[in-house]
Amino acid sequence: KESLSKTRQGLVEKIENLITGRQVIDESLYEELEEALIGADVGVETSLELMETLRRRVKEQKLRDPARLKPLLQELITDELGTGDSSLNRGGPPTVILVVGVNGVGKTTTIGKLAYYYKTRGERVLLGAADTFRAAAIDQLEIWGRRVGVDVIKHREGSDPAAVAYDALQAARARKMDMLIIDTAGRLHTKSNLMEELKKIRRVLGRELSGAPHEVLLVLDATTGQNAISQARLFSEATGVTGIVLTKLDGTARGGVIIGIRRMLNIPVKFIGIGEGVEDLQPFNPQEFAAALFD
Ligand code: GDP
């Protein structure tokens, strides 16, 4: 709850301030609320839709008291966030999870947290270091592996990422792992190469194990606001993303971006990152999230 305080300030407290002291619900209030949503990175389209529904509800319910708008907005935003099934698609064993995203969004950290999350729930987890583009990426993953007590399958820097994925899958089977989480490169400046690389990894995994990868998790950085949406489009066109992890929701006022993700992308948010620590990853629960923002 603490971790959402900036987004709370940027969105909910702004809404509260707009409403307090008002006597009537009028057009200028609607406009200011709309601006507050857009300003909190909810996204223009989603903000307009929310406001349209708000107007309709106010009319239907013949509301006159501006104070009623806050609970109504909470309800609409909760609906907008969806029903929130954060459980992962499973298969195998092992369940194979490919983790994709641009460098710096928190991909490696998220993989470490995910490994910890499932390990503490009794699963046998293995990591695959298929970001072979940077030696630092392999090192970082190993550091996380040691920190949470899971092994990492790796090759040398510059080797074929699909070969790492293949070896990691063989190792996961041989060691009877429940889950294999594979890191991938995130260099965006050579975009087409990266997308081809991801497709090749997918092909290799799918050939070896039916249904694999069972999840393609896209890691997005909440502090980039609406830019996260365009990144998501790029990756989902190329790799068929099945779930989103939205990181760095702590300390950003731009967390409103989460509200529009479902409408804009039709991909469920499965986890949220709320800090740098190993336990700072939570399954995304829309009701709890909205309540944490509003209550
Ligand atoms: P990668 O390049 O995508 O693998 O990014 P990293 O995992 O190395 O993370 C980049 C930076 O973001 C690091 O300093 C992480 O500690 C930080 N980070 C990752 N996730 C979160 C989060 O949920 N909250 C905060 N505050 N920082 C995060």
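Nothing here was measured: the structure is a model prediction, and the numbers come from that model.

Parameters at a glance
- Residues numbered from 1 in each chain as written.
- Predicted model: local features only at pLDDT ≥ 70, side-chain atom pairs only at ≥ 80, totals over all residues.
- Heavy atoms only, no water.
- Helix = DSSP H or I, 4+ residues; strand = E, 2+ residues; numbered from the N terminus.
- Expected span 1.5 Å × (residues − 1).
- Bend = angle between axes of the 7 residues up to and from the residue.
- Buried < 20%, exposed > 50% of the residue type's maximum accessible area, 1.4 Å probe, protein only.
- Contact = heavy atoms within 4.5 Å.
- Axes fitted to C-alpha atoms, helices over the stretch in contact; angles between N-to-C directions.
- Parallel < 35°, antiparallel > 145°, perpendicular 65-115°, else oblique.
- Left-handed = near helix turned anticlockwise from the far one by under 90°.
- Nonpolar A, V, L, I, M, F, W, Y, C, P; charged D, E, K, R; others polar.
- Pairing = 2+ DSSP bridges.
- Phe/Tyr/Trp six-rings, centres within 6.5 Å; stacked < 30°, edge-to-face > 60°.
- Near = heavy atom within 4 Å.
- Polar contact = N/O pair within 3.5 Å; in protein donor to acceptor, adjacent residues only side chain to side chain.
- Core = buried A, V, L, I, M, F, W, Y, C linked by side-chain atoms within 4.5 Å.

**Some thoughts on helix α1 (residues 5-19)**
Stage number 1. For α1, built from 15 residues, the straight-helix expectation of 21 Å at 1.5 Å per residue is met to within 8% by its first-to-last C-alpha distance of 19 Å.
Stage number 2. Maximal helix bending in α1 amounts to about 30°, located at Glu13.
Stage number 3. All of the buried residues along α1 are Thr7, Arg8, Gly10, Leu11, Val12, Ile15, Leu18 and Ile19.
Stage number 4. If you follow the buried residues of α1, they end up packed against α2 (27-39), α4 (69-81), α10 (257-265) and α11 (286-294).

**Some words on the packing of α1 against α4**
Stage number 1. α4 packs onto α1 with a crossing angle of 150° between their chain directions and a minimal axis gap of 10 Å. Between α1 and α4, the angle is such that the two are roughly antiparallel. In terms of crossing hand, the pair formed by α1 and α4 is right-handed. Here Val12, Ile15, Glu16 and Ile19 of α1 lie close against α4, whose contacting residues are Leu69, Lys70 and Leu73.
Stage number 2. When grouped by side-chain class, the residues that make up the contact of α1 with α4 number five nonpolar, no polar and two charged.

**A word on the sheet that holds strand β5 (residues 215-221)**
Stage number 1. Strand order across the open sheet formed by eight strands is β3-β2-β4-β1-β5-β6-β7-β8, with mixed pairing between neighbours. The open sheet has two edge strands with one neighbour each: β3 (152-153) and β8 (281-283).
Stage number 2. Both β5 and strand β6 (residues 243-247) contribute to a ladder of five bridges, which runs parallel. When the bridges of β6 are listed, Leu218 appears paired with Ile244.

**So, the packing of aromatic side chains**
Stage number 1. A complete count under the given rule lists four aromatic pairs for this structure.
Stage number 2. Look at Tyr117 and Tyr118: their rings are 5.0 Å apart centre to centre, the planes differ by 75°, and that puts the pair in the edge-to-face class. There is no split in this pair, since Tyr117 and Tyr118 are both buried.
Stage number 3. Aromatic pair Tyr117 and Phe271: ring centres 5.3 Å apart, planes at 80°, arrangement edge-to-face. With Tyr117 in helix α5 (residues 107-119) and Phe271 in strand β7 (residues 269-273), the pair connects residues that are 154 residues apart, well separated along the chain.
Stage number 4. Exposure remark for Phe271: the relative accessible area of 1% places this residue in the buried category.

**A short note on the site of the ligand**
Stage number 1. As a matter of local geometry, the ligand sits amid 15 residues, with Gly104, Thr108, Thr109, Asp250 and Glu276 nearest to it.
Stage number 2. Thr108 is positioned with one of its side-chain polar atoms (N or O) 2.5 Å from an oxygen atom of the ligand.
Stage number 3. Partitioned by chemical class, the residues of the shell around the ligand number three nonpolar, seven polar and five charged.

**Structural notes on the nonpolar core**
Stage number 1. Within the largest apolar cluster, 104 residues are counted, with the highest numbers of intra-cluster contacts made by Leu33, Ile181 and Ile258.
Stage number 2. Examining the composition of this core, we find that seven residues originate from one element, helix α7 (residues 161-174), more than from any other.
Stage number 3. Excluding anything up to four places from it in sequence, Leu33 contacts Ile15, Leu18, Ile19, Met51, Leu54, Leu69 and Leu73.

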